[in-house]
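Working through the structure, step by step
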Amino acid sequence: MTTTASPPEAQRAPAAAPRRRPKREREGAAWVFLSPWVLGAIVLTLLPMAVSLYLSFTDYDLFNPPRWVGLRNYTQMFTEDPRYWRSVVTTLTYVVIAVPLQLALALLVALALKGMKRGKAFYRSAFYAPSLLGASMSIALVWRAVFNDGGPVDNLFGTGGWVNKPGWALLAVALLTVWQFGAPMVIFLAGLQQIPAELYEAAAVDGATKWRQFLSVTVPMLSPVLFFNLVLQTIQAFQVFTPAFAVGAGKGGPADSTLVYTMYLYDRGFVASHMGYASAMAWVLLAVIGVVTAVLFRTSRSWVFYASEGDR
């Protein structure tokens with residue numbers, strides 16, 4: 001009688017399942033990798049914010065120990081400092097001028113690039129370059145020379161130096177921001193490329209003109225991107241400093257026409273050594289930016305269209 005040997009597979013013991021690492025050990029490894037970011041957030045962000053909040057309730061001049069004064073910095077800011085309110089008005093004026101012009105120019109260039117067949121990559125890079133260079137002090141100083149007495153703008157239009165005219169200096173600052181339209185332009189271009197061509201074809205079949213297609217197809221489909229750029233550029237506009245500092249020669253001139261909020265904060269903190277007052281100004285700016293952002297998010301429900309929701 002012969003016996004049949006079992007196949008090797010039957011004789012082989014089942015492979016042991018890989019041992020799963022304990023949950024606590026996995027969490028420990030995650031915290032090790034996150035620790036540089038967490039440490040940086042605490043030391044470079046949260047701790048300075050806490051110190052700034054404390055200093056906003058003190059009289060501190062950078063050289064002597066801070067002295068607690070309660071709400072005096074805030075009451076002085078709102079009731080006793082006319083230059084503070086001039087800086088608020090100047091900043092709001094700048095935001096109202098610069099942000100719409102920058103977004104309009106960015107969208108216009110993005111629409112032109114979308115229909116371009118050749119050289120799109122080159123022009124996209126060329127238009128984006130000012131966003132990388134425009135925030136530097138060197139470019140801001142060149143901008144001041146362009147709009148100064150005897151500069152190219154004066155020679156071309158004969159309007160005199162904008163930087164020396166209270167009614168024109170802030171416009172020169174705003175135009176420097178508008179010139180840096182590359183970042184929102186790239187975002188607009190990415191959004192335009194995601195709009196299905198079938199929507200334009202259907203609109204054309206219905207007899208819609210190019211302008212009607214822009215209003216009825218492009219704007220609704222691009223509204224989430226427009227909202228994103230609006231929020232981002234508004235927040236950045238409230239924090240403008242370098243262009244105004246260069247055009248206003250570091251003093252907010254002429255006649256405080258370029259005295260934006262952050263420049264006056266810098267003046268109070270590092271020129272006049274009223275660091276407690278400057279800290280209070282910084283927290284008011286943070287609160288205002290938060291309120292403005294919340295209002296933009298609240299109003300977006302009526303005009304931002306998300307295709308996944310199927311409604312406005």
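So, here is what we can say about the structure in this document. What you see is a predicted model; the values in this text were computed from it and never measured.

Let's talk about the packing of helix H11 (residues 210–238) against helix H14 (residues 275–299)
Two elements in contact, H11 and H14, have axes whose closest approach is 10 Å; the angle formed by their N-to-C orientations is 165 degrees. The orientation of H11 with respect to H14, classified from their angle, is roughly antiparallel. In the packing of H11 onto H14, the handedness of the crossing is right-handed. Judged by residue contacts, Phe227, Leu230, Val231, Thr234, Ile235 and Phe238 of H11 engage Leu285, Val288, Ile289, Val292, Thr293, Leu296 and Phe297 from H14.

Observations concerning the layout of surface pockets
Estimates place the volume of the largest pocket at around 380 Å³. What lines the largest pocket is a set of 18 residues, and nearest its centre among them are Ala135, Thr177, Gln180, Gln233 and Gln236. The computed volume of the second largest pocket comes to approximately 290 Å³. Elements with a minimum of two residues in the lining of the second largest pocket: helix H2 (23–55), helix H13 (261–271) and H14. No other element matches H14, which puts six residues into the lining of the second largest pocket. Classifying every residue of the lining of the second largest pocket by side-chain character gives eleven nonpolar, three polar and no charged.

Cut-offs and rules
Residues numbered from 1 in each chain as written. Predicted model: local features only at pLDDT ≥ 70, side-chain atom pairs only at ≥ 80, totals over all residues. Heavy atoms only, no water. Axes fitted to C-alpha atoms, helices over the stretch in contact; angles between N-to-C directions. Helix = DSSP H or I, 4+ residues; strand = E, 2+ residues; numbered from the N terminus. Parallel < 35°, antiparallel > 145°, perpendicular 65-115°, else oblique. Left-handed = near helix turned anticlockwise from the far one by under 90°. Contact = heavy atoms within 4.5 Å. 1 Å grid on protein atoms, 1.4 Å probe; cavity = no way out; pocket = protein on both sides within 12 Å on 5 of 7 lines; lining within 4 Å. Points joined across faces, edges and corners; volume = space filled by probe spheres on them. Nonpolar A, V, L, I, M, F, W, Y, C, P; charged D, E, K, R; others polar.

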